[in-house]
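Spelled out, the chains give:
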There are 2 protein chains.
Amino acid sequence: MKLTTRGRYAVTAMLDLALHGKDGPISLADISSRQDISLSYLEQLFAKLRRGELVSSVRGPGGGYRLSRSEEAINVADIIDAVNESTDATNCGGKGICQNGEMCLTHHLWDDLSTQIHLFLSGISLAQLTRKEHVQSICERQDGHESAANNPQNLIETETVNA
Amino acid sequence: MKLTTRGRYAVTAMLDLALHGKDGPISLADISSRQDISLSYLEQLFAKLRRGELVSSVRGPGGGYRLSRSEEAINVADIIDAVNESTDATNCGGKGICQNGEMCLTHHLWDDLSTQIHLFLSGISLAQLTRKEHVQSICERQDGHESAANNPQNLIETETVNA
DNA sequence: TATTTACTTGACTAAAAGAGTGGGTTATTT
DNA sequence: AAATAACCCACTCTTTTAGTCAAGTAAATA
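Residues numbered from 1 in each chain as written. Chains lettered and ligands numbered in written order. Predicted model: local features only at pLDDT ≥ 70, side-chain atom pairs only at ≥ 80, totals over all residues. Heavy atoms only, no water.

(A) The arrangement of the nonpolar core in detail. Counting residues in each nonpolar core, the largest one holds 84 residues, and the members touching the most others are M14(A), F46(A), M14(B) and F46(B). When near neighbours in sequence (up to four residues on either side) are disregarded, F46(A) contacts A13(A), L17(A), L28(A), I31(A), V55(A) and Y65(A). (Core = buried A, V, L, I, M, F, W, Y, C linked by side-chain atoms within 4.5 Å. Buried < 20%, exposed > 50% of the residue type's maximum accessible area, 1.4 Å probe, protein only. Contact = heavy atoms within 4.5 Å.)

(B) Representation of the protein's contact with DNA strand C. In the neighbourhood of DNA strand C, 22 residues make up the surrounding shell, with Y65(A), K2(B), T5(B), R59(B) and P61(B) lying closest. A breakdown of the atoms of DNA strand C within 4 Å of the protein gives sugar and phosphate a share of 63%. R50(A) is positioned with one of its side-chain polar atoms (N or O) 2.9 Å from a phosphate oxygen of DNA strand C. Contact between DNA strand C and Y65(A): a phosphate oxygen at 2.2 Å from a side-chain N or O atom of the residue. The class makeup of the residues in the surface near DNA strand C is six nonpolar, 10 polar and six charged. (Near = heavy atom within 4 Å. Polar contact = N/O pair within 3.5 Å; in protein donor to acceptor, adjacent residues only side chain to side chain. Nonpolar A, V, L, I, M, F, W, Y, C, P; charged D, E, K, R; others polar.)

(C) Structural context of the protein's contact with DNA strand D. Taken together, 25 residues are adjacent to DNA strand D, and K2(A), T5(A), R59(A), S57(B) and Y65(B) come closest. Near the protein, meaning within 4 Å, the atoms of DNA strand D are sugar or phosphate in a fraction of 68%, with bases accounting for the rest. Note that a phosphate oxygen of DNA strand D is positioned 2.3 Å from one of the side-chain N or O atoms of S57(B). In the model, a sugar or linking oxygen of DNA strand D is placed 3.2 Å from a nitrogen or oxygen of the R59(B) side chain. Breaking the surface near DNA strand D down by element, the ones donating at least two residues are α1 (5–20) and α3 (39–51) of chain A together with α3 (39–51), β1 (55–58) and β2 (64–67) of chain B. (Helix = DSSP H or I, 4+ residues; strand = E, 2+ residues; numbered from the N terminus.)

(D) Quick peek at the side chain of E71(A). Residue and element names in this part refer to chain A. Here E71 shows up in the loop between β2 (64–67) and α4 (76–82). Of the residues examined, E71 reaches a relative accessible area of 14% and is grouped as buried. Within the local environment of E71, its side chain forms a polar contact with the side chain of T130, the two groups lying 3.5 Å apart. Sequence-distant contacts of E71, that is, excluding residues within four places in its chain, are made with A18, K22, S125, L126, A127 and T130.

(E) Here's a closer look at the environment of D81(B). Residue and element names in this part refer to chain B. Relative to the assigned elements, D81 resides in helix α4 (residues 76–82). When the C-alpha positions of D81 and A10 are compared, they lie 10 Å apart, and in sequence the two are 71 residues distant. Look past the residues within four positions of D81 in its chain and what remains in contact with it is T87 and H118.

(F) Representation of the relation of the copies chain A and chain B in the model. If you rotate chain A by 180 degrees and push it 0.1 Å along the axis, it lands on chain B with an RMSD of 0.1 Å. Look at the turn and shift together and you get a two-fold axis relating the two. A symmetric contact is evident, with 100% of the interface residues of chain A recurring at the interface of chain B. (Least-squares fit on C-alpha atoms with pLDDT ≥ 70 in both.)

(G) Spatial organisation of the pattern of salt bridges. Residues and elements named next belong to chain A. Counted under the stated rule, the structure contains eight salt bridges over all chains. Between E71 and K22 there is a salt bridge, with its nearest N and O atoms 2.7 Å apart. Remark: K22 occurs in the loop between α1 and α2 (28–35) and E71 occurs in the loop between β2 and α4; sequence separation between them is 49 residues. (Salt bridge = Lys/Arg side-chain N within 4 Å of Asp/Glu carboxyl O.)

(H) How the structure looks around the packing of aromatic side chains. All names here are of chain A. Under the counting rule described, the total for this entry stands at four aromatic pairs over all chains. Measuring from ring centre to ring centre gives 4.8 Å for F46 and Y65, while their planes differ by 45 degrees; the resulting arrangement is tilted. Of the two residues, F46 sits in helix α3 while Y65 sits in strand β2, which places them 19 residues apart along the sequence. Here F46 and Y65 have matching classes, each one buried. (Phe/Tyr/Trp six-rings, centres within 6.5 Å; stacked < 30°, edge-to-face > 60°.)

Okay, here's the thing in structure tokens:
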């Protein structure tokens with residue numbers, strides 16, 4: 001089992017996409033500023049998410065990413081798998097060769113745990129997450145911060161933005 | 001969530017102790033040879049297990065470690081906690097300060113996952129593990145290997161061992 | 001067609017964590 | 001006293017993470 005910021009960032013970014021991508025693609029710059037994740041790092045993550053066919057990209061001005069399937073059809077385990085983190089808790093990749101090619105004493109335990117974790121995470125879809133109350137309130141807070149914090153030039157040069 | 005060889009080794013070693021420690025303490029050297037875990041590494045782990053009051057030690061010849069409570073009263077989560085791995089899957093230690101001091105979009109998800117994992121692991125005691133069929137058969141295999149593989153000098157100098 | 005905007009790729013790196021080693025000390029038994 | 005085994009500490013090697021940087025490609029607009 002390996003769950004680090006990589007997997008967490010990926011899920012957070014995908015949830016952001018689910019929340020904001022109703023009408024049109026979302027740029028990584030937007031996600032970056034809302035979620036405080038470095039743009040370059042997001043690019044790496046989305047390269048993997050795209051290879052995993054969880055998102056599709058639209059190039060050019062006004063482009064960005066959108067979910068490649070419905071929110072209901074994407075679960076958390078999908079996302080974590082796509083960015084190369086695994087829900088496998090064994091040391092041998094589930095192969096049972098943990099002690100000199102033979103099975104170690106606790107192999108089955110970790111195997112069971114893996115199943116458990118995967119079951120839990122694959123039972124949670126993006127759609128479910130977007131419906132949660134605390135997710136919605138955090139989302140609103142982030143939308144509030146965003147315009148003020150990340151586009152301070154708006155206050156001066158409104159024309160270039162609206163042109 | 002952090003589950004690495006450290007936690008896995010600790011559980012394996014504790015299970016070995018449960019399986020072999022019925023009559024008297026077990027030395028780390030024995031566990032090391034049966035489970036293929038470096039002796040020095042085991043010493044580190046058992047220092048933590050002792051601080052966590054999961055094992056007690058007996059020094060001197062014939063000494064070793066024994067479980068400090070019954071097999072029924074020690075569960076897998078206890079062991080993993082003791083060696084400083086955690087079942088916490090959040091990035092903020094469960095505090096909810098994951099995004100500049102405020103809560104990130106997916107905090108609750110990781111919090112729920114942590115609960116789930118902890119629930120699962122704390123529901124499995126050493127006693128339960130020792131009763132599993134596959135554990136018993138692996139244990140027998142290891143007991144067979146042990147004498148031949150790790151004491152080749154027995155074949156030559158039987159006296160020093162039996163003296 | 002030139003430019004803008006945005007995605008793509010890959011190399012690179014600093015810092016942290018993991019895994020393991022080695023040397024020496026202390027306590028206990030034989 | 002000698003052997004055994006726990007105890008303690010410092011250190012190293014390797015891998016992974018998290019993130020940066022730079023150059024490039026593709027699409028849309030003006």
